[in-house]
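These are the residues of each chain, in order.
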Amino acid sequence: MMITHYFLTSQIDENTSAIEIAEIQRLHLFSKLKVPAKIVTRNRNRGSNRVLQQLIDNHQIINLYQYFTELPNQTEPMPKAEDVLHDFTNIPIENNLGYKDGKLRVRVNEQNGWINNIDYLDPFGFTDRREPVRLQSAGVFRIL
C-alpha cells in the first residue's frame, strides 16, 4: 500500500506565488516517479479551476470547501445571468441589466465571467441593496 503525500496551501489563483509553483513542480515530480500526491487548498477561488487545468489534472487537487460541500472538482460552467437570475428577481434580465417601466432596476456584476453580486436599484437609479451570489452546489446558486 502506497502512502499519498499531500501538499497544503491556502489557494492557487492567477497570482500564484513561488510556494505554489514549487508545489506544482513537486507534484509533477511525484507523478513521474509514480508516487501518489495531491495538492490541498483551503480557500475557495472561483478562478482556480481555470488556472489549475493548465497546470495539473483535476484528480490531483482537493479544495476543502469543494470537498465538504460536495461541489465537483472540475472546470465549472460559467452561467449566463439570464439563466440563473429568474430565481432571484421577476424582472427580465438581458445583457446583465434588468429594466422595469423603462428604468434600470437590476444590475448583475460579474468578476472573471462569474456572477459576483446583484445590485437592486431604486426608481431614481441609486443602489438600494447589493446581494452577493455564490455557487451552492453544481448549478445551484444562492444569495448570501
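Residues numbered from 1 in each chain as written. Predicted model: local features only at pLDDT ≥ 70, side-chain atom pairs only at ≥ 80, totals over all residues. Heavy atoms only, no water.

Q: Looking at this structure, I do not really get the packing of aromatic side chains. What am I missing?
A: Within a pair of aromatic rings, the relevant descriptors are the distance that separates the centres and the angle that separates the planes. Taken as a whole and assessed by the stated rule, the structure comprises two aromatic pairs. For the ring pair Tyr 67 and Phe 68, a centre distance of 5.0 Å and an interplane angle of 85° mean the geometry is edge-to-face. Tyr 67 sits in the exposed class, given a relative accessible area of 54%. Overall, the relative accessible area of 63% leaves Phe 68 in the exposed class. The residue whose ring lies beneath Arg 129 is Tyr 120, and the NZ or CZ to ring-centre distance is 4.0 Å. (Phe/Tyr/Trp six-rings, centres within 6.5 Å; stacked < 30°, edge-to-face > 60°. Buried < 20%, exposed > 50% of the residue type's maximum accessible area, 1.4 Å probe, protein only. Lys NZ or Arg CZ within 6 Å of the ring centre and 35° of its normal.)

Q: Would you take a moment to explain the nonpolar core for this structure?
A: Generally speaking, soluble globular proteins have nonpolar side chains that are buried together. Among the nonpolar cores identified, the biggest contains nine residues, and these are Phe 7, Ile 12, Ile 24, Leu 27, Phe 30, Ala 37, Ile 39, Ile 56 and Ile 61. Per-element accounting of this core gives the leading share, three residues, to helix H1 (residues 18-32). Leaving out residues up to four positions away in the same chain, Ile 24 has contacts with Ile 12, Ile 39, Leu 55 and Ile 56. In this structure, Val 106, Val 108, Ile 115 and Val 133 belong to the second largest nonpolar core, which totals eight residues. (Core = buried A, V, L, I, M, F, W, Y, C linked by side-chain atoms within 4.5 Å. Helix = DSSP H or I, 4+ residues; strand = E, 2+ residues; numbered from the N terminus. Contact = heavy atoms within 4.5 Å.)

Q: Got a minute to help me understand the sheet that holds strand E3 (residues 61-63) in this structure?
A: Whenever strands of a sheet pair, they do so through backbone hydrogen bonds, lying parallel or antiparallel. With respect to topology, three strands assemble into an open sheet ordered E1-E2-E3, the strand pairing being parallel. Where the open sheet ends on each side, the last strands, each with one partner, are strand E1 (5-9) and E3. Across the sheet, the axes of successive neighbouring strands diverge by a mean angle of 25°, strand direction being ignored. Here H1 sits on the sheet in contact with E1 and strand E2 (37-41), set at roughly 165° to E1. (Pairing = 2+ DSSP bridges. Axes fitted to C-alpha atoms, helices over the stretch in contact; angles between N-to-C directions.)

Q: Any chance you could explain a nonpolar patch on the surface here in plain terms?
A: Taken together, Leu 64, Tyr 67 and Phe 68 make up a surface patch of nonpolar side chains, about 360 Å² in accessible area. As for its position among the elements, Leu 64 is in helix H3 (residues 64-69). (Patch = residues over 30% accessible without salt bridge, like charges linked within 9 Å, V, L, I, M, F, W, Y side chains within 5 Å. Areas by Shrake-Rupley, 256 points an atom, 1.4 Å probe, with all protein chains shown as cover. Salt bridge = Lys/Arg side-chain N within 4 Å of Asp/Glu carboxyl O.)

Q: Would you mind showing me how to read the pattern of salt bridges here?
A: Close approach of charged atoms allows side chains of opposite charge to pair. Counted according to the given criterion, the structure contains four salt bridges. Across the pair Arg 130 and Asp 119 runs a salt bridge, and its minimum N-O distance is 2.6 Å. Of this pair, Arg 130 sits in strand E8 (residues 127-137) while Asp 119 sits in strand E7 (residues 114-121); the two residues are eleven residues apart in sequence, bridging distant segments of the chain. Overall, the relative accessible area of 52% leaves Arg 130 in the exposed class. The partner of Arg 129 in a salt bridge is Glu 131, with the nearest N and O atoms 2.9 Å apart.

Q: I would appreciate a short explanation of the environment of Leu 55 in the present structure.
A: On the secondary structure map, Leu 55 appears in the loop between helix H2 (48-52) and E3. Considering only alpha carbons, one finds Leu 55 and Ile 24, 31 residues apart in sequence, at a separation of 7.4 Å. With residues near it in sequence (within four places) discarded, Leu 55 still touches Ile 24 and His 28.

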